[in-house]
Amino acid sequence: MKQAIEEATATGTDVIDHDHHGIRQVLQELGIQEINAAYSTGLQWGGESNEQVRSISSPTDGKLIGKVRMATAQDYEQVVTTAQEAFKSWRLVPAPKRGEIVRQIGNKLREYKEPLGKLVSYEMGKILQEGLGEVQEMIDICDFAVGLSRQLHGLTMHSERPAHRMYEQYHPLGLVGIISAFNFPVAVWSWNAMLAAVCGDVSIWKPSEKTPLVAVAVQHIIKDVLAENELPEGIFSVIIGDAEIGGLMAADERVPLVSATGSTRMGKKVGAVVGARLGKALLELGGNNAIILTPHADLDMAIRAVLFGAVGTAGQRCTTTRRLIIHEDVYEDVKQRLLSAYPKLPIGHPLQDGNLVGPLIDTDAVQGFTKALEAVQAEGGTLLTGGQVLSGPGYETGTYVQPALVEAKNEYHTVQEETFAPILYLIKYSGGVENAIELQNGVRQGLSSSIFSLNLRETEAFLSHAGSDCGIANVNIGTSGAEIGGAFGGEKETGGGRESGSDAWRIYMRRQTNTLNFGTQLPLAQGIKFDI
Ligand code: NAD
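Just so it is clear, the model here is predicted, and its values are computed rather than measured.

Points about unusual backbone geometry
Look at E230: it is not a glycine, yet its phi comes out positive at around 50°. Along the chain, E230 falls in the loop between α8 (212-228) and β9 (236-239). On the basis of relative accessibility, which here comes to 74%, the residue E230 falls in the exposed class.

Re the domain arrangement of the protein chain
When the parts of a complex come together, some accessible area is lost, and that lost area is often taken as the interface size. Considered domain by domain, the protein chain is made up of domain 1 (74-285 + 500-510) and domain 2 (289-491). Using C-alpha coordinates to define each centre, domain 1 is positioned 30 Å away from domain 2. Facing the 25 residues of domain 1 at the interface are 24 residues of domain 2. Here domain 1 meets domain 2 over a buried area of about 2,000 Å², counting both sides, of which 64% is carbon and sulfur. Considering only the surface of domain 1 that becomes buried against domain 2, I127, E130 and F182 emerge as the three largest contributors, covering 24% of it. Linking domain 1 to domain 2 there are one salt bridge. Between E130 and R317 there is a salt bridge, with its nearest N and O atoms 3.2 Å apart. Between domain 1 and domain 2 we count eight residue pairs in polar contact (both at pLDDT 80 or more) in total. At the level of secondary structure, the elements contributing two or more residues to the side of domain 1 that touches domain 2 comprise α5 (113-124) and α6 (128-148).

Remarks on the sheet that holds strand β10 (residues 257-261)
Ordered by their spatial adjacency, seven strands build an open sheet running β2-β1-β9-β8-β7-β10-β11, and the pairing between neighbours is mixed. In this open sheet, the two edge strands, each paired with only one partner strand, are β2 (45-46) and β11 (280-284). On the sheet, helix α3 (residues 73-90) packs against β1 (39-40), β7 (175-179), β8 (202-206) and β9 and is oriented at approximately 155° with respect to β8.

Focus: the packing of aromatic side chains
Under the defined criterion, the tally for this structure stands at six aromatic pairs. On the numbers, 4.9 Å between centres and 70° between planes, the contact of Y170 with W505 is edge-to-face. Of this pair, Y170 sits in strand β6 (residues 164-172) while W505 sits in the loop between β22 (499-500) and β23 (509-517), and the two are 335 residues apart along the sequence. Note on accessibility: Y170 and W505 belong to one class, buried. One aromatic cluster is present, built from ring pairs that chain together W189, W205 and F236. Over the face of the ring belonging to F184 we find K126, whose NZ or CZ atom lies 3.8 Å from the ring centre.

A short note on the nonpolar core
Residues I105, L116, W189, M194, F236, I239 and V270 are the most contacted members of the largest nonpolar core, which totals 96 residues. When residues are assigned to domains, this core turns out to be shared by domain 1 (74-285 + 500-510) and domain 2 (289-491), each giving three or more. Those residues within four positions of F236 in sequence are excluded, and the remaining contacts are S40, T41, G42, I105, W189, A193, M194, A197, S203, Q219, I222 and L226.

Parameters and conventions
In every chain, residue numbers begin from 1 and rise along the written sequence. A pLDDT threshold of at least 70 governs which residues receive local features in this predicted model, and a stricter bar of 80 or more applies before side-chain atom pairs are shown or counted, although totals over entire chains, interfaces and linings include all residues. Side-chain numbers here rest on the full set of heavy atoms in the structure, without hydrogens or water. By definition, any uninterrupted DSSP run of H or I lasting at least four residues is a helix, any uninterrupted run of E lasting at least two residues is a strand, and each is numbered from the N terminus. Buried, partly exposed and exposed residues are distinguished by accessible area as a fraction of the type maximum, computed with a 1.4 Å probe on protein chains only: under 20%, between the cut-offs, and over 50%, respectively. Start and end positions for the domains come from either an automated domain assignment or a database one. Every residue pair with non-hydrogen atoms within 4.5 Å of one another is taken to be in contact. Summed over both partners, the accessible area lost on bringing two parts together, with a 1.4 Å probe, is the buried area. We count a salt bridge whenever a side-chain nitrogen from Lys or Arg sits within 4 Å of a carboxyl oxygen from Asp or Glu. Polar contact criterion, stated in full: a pair of N or O atoms within 3.5 Å, where within protein one must be able to donate a hydrogen and the other to accept it, and residues adjacent in sequence count only if both atoms are side-chain atoms. Two strands qualify as a pair provided that DSSP identifies no fewer than 2 bridges between them. Working convention: axes come from line fits to C-alpha atoms, limited for helices to the stretch in contact. Angles between N-to-C directions cover 0 to 180 degrees. Aromatic pairs are defined between Phe, Tyr and Trp rings, using the six-membered ring for Trp, whenever the two ring centres lie within 6.5 Å; interplanar angles under 30 degrees are classed as stacked, those over 60 as edge-to-face, and all others as tilted. To sit over a ring, a charge needs its Lys NZ or Arg CZ within 6 Å of the ring centre and within 35 degrees of the ring normal. What we call a nonpolar core is a set of buried Ala, Val, Leu, Ile, Met, Phe, Trp, Tyr and Cys residues that are connected through their side-chain atoms within 4.5 Å.

This is the structure:
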């Protein structure tokens, strides 16, 4: 097999050097045992002769899953030109008919939920339940978008002029660039691409360079739908590349909307480049999410939510609970409960039943984890439990860590930053809930927040104008695990974007106000006289 890999590297052909957990079969089911291309415009793959080949190994066991070719600037041009051509016809398809295509995509995803969920889990490292959940989220957004395809409506207004009528309508925008992060490697694409599609846009997806294989798989899954419906090339494209390709998209005036999900560092760069050309940027960036536990919290419920929020996806969700703001009256109780739960967390291969915590995406992320723990202790924080990089059988990759609990202060520099790993900071507060809310809001990020309390005054204060400043504010549920029906996104350094449910669709369209005169006079607005 070693020889096969060497030959493959030389020729650029892709191989899978093992069949642990039936991944070979998964790839076969998904039709991607040969991934010798850098982009796809829907029906065709291209960039087969590019020289830059990247090996993708699983963070779960370090084994090679496959190789992809990295797209060039020339490939990018090809994809954009094809997408521009496709837009000319796709925008003319009636929205409910576009919805019908999305309905078929949803059905295909139902068919492939199991293997795709498994590949998400194996390539990204989240446990299988979460991998399957991610595909379910894709299915849900398809259903949502199908309904939406009959509701892309604007308002009508009364004109101040006689025999005039005013209304607004929403038109397709054009090309939507989608830059996605590794931690939700496929769901974020679907939130964007399915809404964009019913809105009459065409999309170009640049998945994370850390998780390109699931993107290839998705493109294979929807290919049949495109072919069966004789749709043109370029409605859904994928381009495999790193930040450079994302940069081309950000700077490209032919791409009116760039939806970018990832770190705040990335968002600041992309936002600046898109802003400089006055394009639209939908930014979904880092979070630093907190749960407030007041003296009136149902602690049994709260602890379960805290555990899922803090260690689920090994702390690699944008909505991961990173800070726990606990009232002094219940602080010791909460601390003891967590101290008893943390060492019992089943950590291991995410495809193995019973494990709840998988690996971090790579050893760089592990370094980020250990560095943050060192830094917070240097600032005065106390590591209560966890923090080790696991080694020994099953942990040979160096990507598995023991989730950490740290007593800290909100103002510590380390606590103010998002470390994309399972570190939970315990922060004590005293006095009224307003003190807890101040701490919760006292960071630069503003994605998700929650309060556990059975006291109406406390929960309403948390939800009031003077309450949580986040895009998501929950009561008696944790910070992570949002449903697709609501608009998803956050304020401040989280970027201000909203995607998924509610009226998030509006950003994928251009709004037009129309005033019609069906009279015989030409009165001007504001009563202006301009007669010659
Ligand atoms: P990342 O910022 O390293 O990369 C995200 C994507 O941006 C990748 O596709 C990458 O190639 C691209 N990119 C990076 N620099 C770029 C540049 N200068 N120009 C154009 N594209 C560029 O993030 P990551 O490590 O993949 O993901 C983790 C981060 O994503 C965390 O901060 C997390 O909170 C955030 N995230 C946010 C949300 C949300 O909805 N708010 C959702 C998921 C992840």
